[in-house]
Amino acid sequence: MTTSSVSSGVPRDSARTVLITGSRAPVSLALARLLGDAGHRIIMADSLRMTLGSASRYVSRHYRYPPPRHEPEPFHTAVERIVIDEQVDYIIPTCEEVFYLAQRQRTWPDGCELFAPPWEMLRQLHHKGEFIELVRQVGLKTPATRLLASREEASDYVRKLGADTAVLKPAYSRFASRVLFVSADHDLPAGMHISPAHPWVGQQYIRGALYCTYSIVRDGAVRAHACYASEFTAGVGASIAFKHEPQTDLLAWVRRFVAPLRYTGQIAFDFIVTPERDIYPIECNPRATSGIHCFTDSDRLDKAFFGMNDSAGHGTDNGTSDCTDDGTSHDASHGAHLGVNRGESRPIEPTSARPAMLTAAMLAYGWKHPRRIYWLTQLWKGRDVIFRWKDPKPLVAQVVMLQGFWRESRRRSISLMEATTSDIEWNGE
């Protein structure tokens, strides 16, 4: 158990007790620090004994529960016990344990709120084919996407591509760890398993800039929002550097999508934006993602989670919007085209100009960036998302945790990235 250093960000009678699950994840550590600095009491939990969160001074108590993927019922029982014992007001999931938490049929004790949408909505958003269908139903543009339920269907899909390029990926997947870029002469890998129970999707390849967004939403209204360009990645997968770049048309898109769903929870999207500013959603993560690293303590992200910014928004456009000849912004025009209510209060947006980054990953992968000087500049300017002088122990915990993941990857002959989520991920079971 560690002792929390509670700030005076909120009056004592307004402070919440928050259970953050998935404490292994850097995003969970960021969330614990943001909410803890605002004066809230932080409880964390994971199926691992040693995690980033378990070592943080912002955490009042850390619990270990059974792995949700392998023991869902004992997992539910353990979380319920934590909620009762710690008098938890909110459960905020950060990883794919959200799917198992949402499967619980009963309400949580003592009025505790699970900050997540219903399970069926989670399932649809997580499925890379069904998500695209939801986007179509809202009336937004999508890349051509086809569900593939067998190797034969996948082979036929690839054969008919002609001169085009497409992307193949499992319907349930993460980190872009199994993405394939294919053309008509491409042979499918021998070990590629596709079935109705484990479908893949084939998706039109679109050239453009890749942007990622992260939003906190309550009852269909966006309360906080971050957007960053995916410039530095671990291979073809997850981003490792995060700097907020306001893109009003992407915020308008997110608002247009979540409003009719009456969505409540964290939600993130990957987009391809063409030079003509056509927006194509690629996939959705209905959980916490690295966009949370764009926020700092002064942004008061707790107001978005707990409904404290209902009457007014917060954030700046930093003067980045381009204008048309009549003085209106291109982004505003695009938002109007999307049918967004421009009178809606503005969400909290990050105010820090410093990029956040996973420094170890930036050192390992970033040097491959074609603009080396730019990489060095960002590395020099950036702040690490793990290390903090007033909360240094998670950096040591990270080393211990990664050693455990490395042993697990060797034991099961899987990648290190796959080992980090093997006991919590949800793949449509």
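Just above, that's the structure.
A few points on the structure. What you see is a predicted model; the values in this text were computed from it and never measured. (Residues numbered from 1 in each chain as written. Predicted model: local features only at pLDDT ≥ 70, side-chain atom pairs only at ≥ 80, totals over all residues. Heavy atoms only, no water.)

Taken together, the side chains of Met50, Val396 and Val400 make up a nonpolar region of the molecular surface, amounting to roughly 250 Å² of accessible area. Summarising the element assignment, Val400 is placed in helix 12 (residues 393-412). (Patch = residues over 30% accessible without salt bridge, like charges linked within 9 Å, V, L, I, M, F, W, Y side chains within 5 Å. Areas by Shrake-Rupley, 256 points an atom, 1.4 Å probe, with all protein chains shown as cover. Salt bridge = Lys/Arg side-chain N within 4 Å of Asp/Glu carboxyl O. Helix = DSSP H or I, 4+ residues; strand = E, 2+ residues; numbered from the N terminus.)

Spatially, the four strands line up as an open sheet ordered 11-10-13-14, and their pairing is antiparallel. Two strands lie at the open edges of the sheet, namely strand 11 (221-229) and strand 14 (279-285), each paired on one side alone. Looking at each pair of strands side by side, their axes are set apart by 25° on average, direction ignored. Sheet topology note: the strand 10 (residues 209-218)/strand 11 ladder contains eight bridges and is antiparallel. (Pairing = 2+ DSSP bridges. Axes fitted to C-alpha atoms, helices over the stretch in contact; angles between N-to-C directions.)

Under the defined criterion, the tally for this structure stands at 18 aromatic pairs. Measuring from centroid to centroid gives 4.8 Å for Tyr65 and Phe75, while their planes differ by 85°, and the two rings are edge-to-face. Note that Tyr65 is positioned in the loop between strand 3 (59-64) and helix 2 (72-86) and Phe75 in helix 2, a separation of 10 residues in sequence. A single burial state applies to Tyr65 and to Phe75, both of which are buried. Note on Phe232 and Tyr374: the rings are 5.9 Å apart at their centroids and 15° apart in plane angle, and the pair reads as stacked. Of this pair, Phe232 sits in the loop between strand 11 and strand 12 (241-242) while Tyr374 sits in helix 11 (residues 372-381); the two residues are 142 residues apart in sequence, bridging distant segments of the chain. Residue class for Phe232 comes out buried when judged on its relative accessible area of 3%. Here Tyr374 falls in the partly exposed class, since its relative accessible area comes to 21%. Linked through ring pairs, Phe131, Trp253, Phe257, Phe269 and Phe271 together constitute an aromatic cluster. (Phe/Tyr/Trp six-rings, centres within 6.5 Å; stacked < 30°, edge-to-face > 60°. Buried < 20%, exposed > 50% of the residue type's maximum accessible area, 1.4 Å probe, protein only.)

Pairing between sheet strands relies on hydrogen bonds along the backbone, with the strands arranged either parallel or antiparallel. Ordered in space as 3-2-1-4-5, the five strands form an open sheet in which the pairing is parallel. Pairing within the sheet leaves two strands with one partner each, and these edge strands are strand 3 and strand 5 (113-114).

The next subject is the side chain of His225. Its location among the elements puts His225 in strand 11. The buried category is assigned to His225, whose relative accessible area is 1%. Among the polar contacts listed, one links the side chain of His225 to the side chain of Ser215, at a separation of 2.8 Å. Those residues in contact with His225 that lie beyond four places of it in its chain are Thr213, Tyr214, Ser215, His244, Leu251, Val254, Phe295, Pro347, Ile348, Glu349 and Pro350. (Polar contact = N/O pair within 3.5 Å; in protein donor to acceptor, adjacent residues only side chain to side chain. Contact = heavy atoms within 4.5 Å.)

Here the focus is helix 12. If you check helix 12, its first and last C-alpha atoms are 29 Å apart, about what 20 residues at 1.5 Å a residue would give, namely 28 Å. For helix 12, the complete set of buried residues consists of Pro394, Ala397, Gln398, Met401, Phe405 and Ser409. Along the axis of helix 12, the buried positions cluster into a sector of 115°, meaning they face one direction only. Seen from the buried face of helix 12, the exposed residues on the opposite side, beyond 90 degrees, are Val396, Arg407, Arg410 and Arg411. Buried residues in helix 12 make contact with helix 1 (26-37) and helix 13 (416-419). A positive backbone phi angle near 55° is found at Ser413, which sits one or two residues after helix 12. (Expected span 1.5 Å × (residues − 1). Arc of directions from axis to C-beta.)

Right, let's talk about the packing of helix 5 (residues 128-138) against helix 7 (residues 248-261) for a bit. As a packed pair, helix 5 and helix 7 sit with axes 10 Å apart at the nearest point and diverge in direction by 95°. Looking at the two axes, helix 5 sits roughly perpendicular to helix 7. Side by side, helix 5 and helix 7 meet where Phe131, Leu134, Val135 and Val138 of the first sit next to Trp253, Arg256, Phe257 and Pro260 of the second. Grouping the constituent residues of the contact of helix 5 with helix 7 by class yields seven nonpolar, no polar and one charged. (Parallel < 35°, antiparallel > 145°, perpendicular 65-115°, else oblique. Nonpolar A, V, L, I, M, F, W, Y, C, P; charged D, E, K, R; others polar.)

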